[in-house]
Amino acid sequence: MSSVKETSFQQNLVNNGGNQSQISRFKDESKRTKSFCCFAQGVTHKTICKVSLDVILTIVDVGFDIYLTETFFEAQHRKWGTASIVVILLPGITCTVARFIQDNSNCEGHRHWIKNFTWKGCGKILFTLFCYPLWVFVLGYRTLTRIPDVRVMVHVKVWEGLMESSWQFLIQIVLFQFRTPIGHKMPLGQFHLAYGEFWFRVVGILLSFCAFLYTVTEYHILLDGLVSQHKRQIKLVPFFTVNFLFRSLALSLFWVYWKENALLVSVLLWIVNMWLTRKTLVSDLPGRTNQHLSFCWIVGGVISQLTPALALFYGQTANKKTINYFYKRNIRMNNILILSVFSILVLHLNLDPNNGS
């Protein structure tokens, strides 16, 4: 049946004046599709590699973060362990809200969501909320077997790096400065590793940092409606590394010295970045009407605290002018706020006679 469709399509191409290069390109694409018979038409080896890499990285990173959270509680870091659980759930919460918005907007007659409630839909919501890595796996499977467009899967997957890996990096940096681990460790109970706790933390920090960098550069390219441009991702690494490390290290010092009071700084940054995201999307710069603005600016307040990242809903893109406008103001406003608060911290540590720090 597929060969009949290919022959008829090729015949129509010839009848409509298609040149020889178009016909040969169609033959090449048909050969590539045939070589992957168990996948959807149009799936190439690059698509398979991309989907496999993203799914594996997501599952490994989330799995390691779960194990890391367990070690926080074992080391009596209960507050940071609780914070780590919240961070792990953030991507699932974001995807759940986005899926809820999509389902509600697709309902007939735009009825209220309560009238459209079904237990099947409730099960999907709970699955997305608590099984985020498996949801990424499901989207990857659908990409390979139904629609070979990886952009939706990539957009869902980037929440893991922007919301989980980035904040896990900050949590680990704070604990590393507050109480550097020096104990020994026995990986899998098989062999003794000197200073294993120290190296375990180092590996955890590096893993979160690399996962974040891979994701944020991937998301920047996705804003242009593109994927799988690894050379361009490498060129973007210095830009995001400088901004991310500066903000993370500065915020970690606030948490080390001020502890829970540093939450006020994060709330302030969240409000400022929400306002900036909304201001950018409602301006004339995008050249289009962006949907689900409330979702975008609330999520934007979270992901753009540690790095310049313009939050958009699934399937939406941004032009270069809009991205540059947001990035410049994000860097300027966040750096001014962080440096101002850092100056207050310096004065507090040096002028307070009762501060033993």
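Right above here is the structure, for reference.
The text that follows walks through the structure, step by step, so that each part is easy to find.

Scoring rules and cut-offs
Residues numbered from 1 in each chain as written. Predicted model: local features only at pLDDT ≥ 70, side-chain atom pairs only at ≥ 80, totals over all residues. Heavy atoms only, no water. Patch = residues over 30% accessible without salt bridge, like charges linked within 9 Å, V, L, I, M, F, W, Y side chains within 5 Å. Areas by Shrake-Rupley, 256 points an atom, 1.4 Å probe, with all protein chains shown as cover. Salt bridge = Lys/Arg side-chain N within 4 Å of Asp/Glu carboxyl O. Helix = DSSP H or I, 4+ residues; strand = E, 2+ residues; numbered from the N terminus. Buried < 20%, exposed > 50% of the residue type's maximum accessible area, 1.4 Å probe, protein only. Axes fitted to C-alpha atoms, helices over the stretch in contact; angles between N-to-C directions. Parallel < 35°, antiparallel > 145°, perpendicular 65-115°, else oblique. Contact = heavy atoms within 4.5 Å. Nonpolar A, V, L, I, M, F, W, Y, C, P; charged D, E, K, R; others polar. Core = buried A, V, L, I, M, F, W, Y, C linked by side-chain atoms within 4.5 Å. Left-handed = near helix turned anticlockwise from the far one by under 90°.

## Quick look at a nonpolar patch on the surface
- A grouping of L263, V267, W270, I271 and I298 is seen on the molecular surface, where their side chains present a nonpolar patch of about 420 Å² in accessible area.
- By residue number, the principal contributor to the nonpolar patch is helix 10 (residues 263–282), which donates four residues.
- With respect to the helices and strands, I271 occurs in helix 10.

## What about unusual backbone geometry?
- Of note in the backbone geometry, Q76 takes a positive phi value of approximately 70 degrees without being a glycine.
- Tracing the sequence through the fold places Q76 in the loop between helix 3 (45–74) and helix 4 (78–105).
- Using a relative accessible area of 48% as the deciding quantity, one classes Q76 as partly exposed.

## Some words on the packing of helix 3 against helix 6 (residues 132–145)
- Orientation of helix 3 relative to helix 6, taken along the N-to-C sense of each, is 175 degrees, at an axis distance of 9 Å. Taken together, the axes of helix 3 and helix 6 are roughly antiparallel relative to one another. Contacts from T47, I48, V51, V55, T58, I59 and V62 in helix 3 reach Y132, P133, V136, F137, G140, T143 and L144 in helix 6.
- Taken together, the residues of the contact of helix 3 with helix 6 break down into 10 nonpolar, four polar and no charged.

## Quick notes on the nonpolar core
- If you look at the biggest cluster of nonpolar residues, it comprises 74 residues, and the most contacted ones within it are V156, W159, Y219, F254 and I303.
- The element contributing the most residues to this core is helix 7 (residues 151–178), with 14 residues.
- Setting aside its immediate chain neighbours within four residues, Y219 contacts H155, V158, L162, A309, L310, A311 and L312.

## Looking at the packing of helix 6 against helix 7
- At their nearest, the axes of helix 6 and helix 7 sit 9 Å apart, and the two run at 160 degrees to each other. Of the possible angle classes, the one that applies to helix 6 and helix 7 is roughly antiparallel. Regarding helix 6 and helix 7, the two cross each other, and that crossing is left-handed. Here Y132, W135, V136, L139, G140 and T143 of helix 6 lie close against helix 7, whose contacting residues are M153, V156, K157, W159 and E160.
- Split by residue class, the contact of helix 6 with helix 7 holds seven nonpolar, two polar and two charged.

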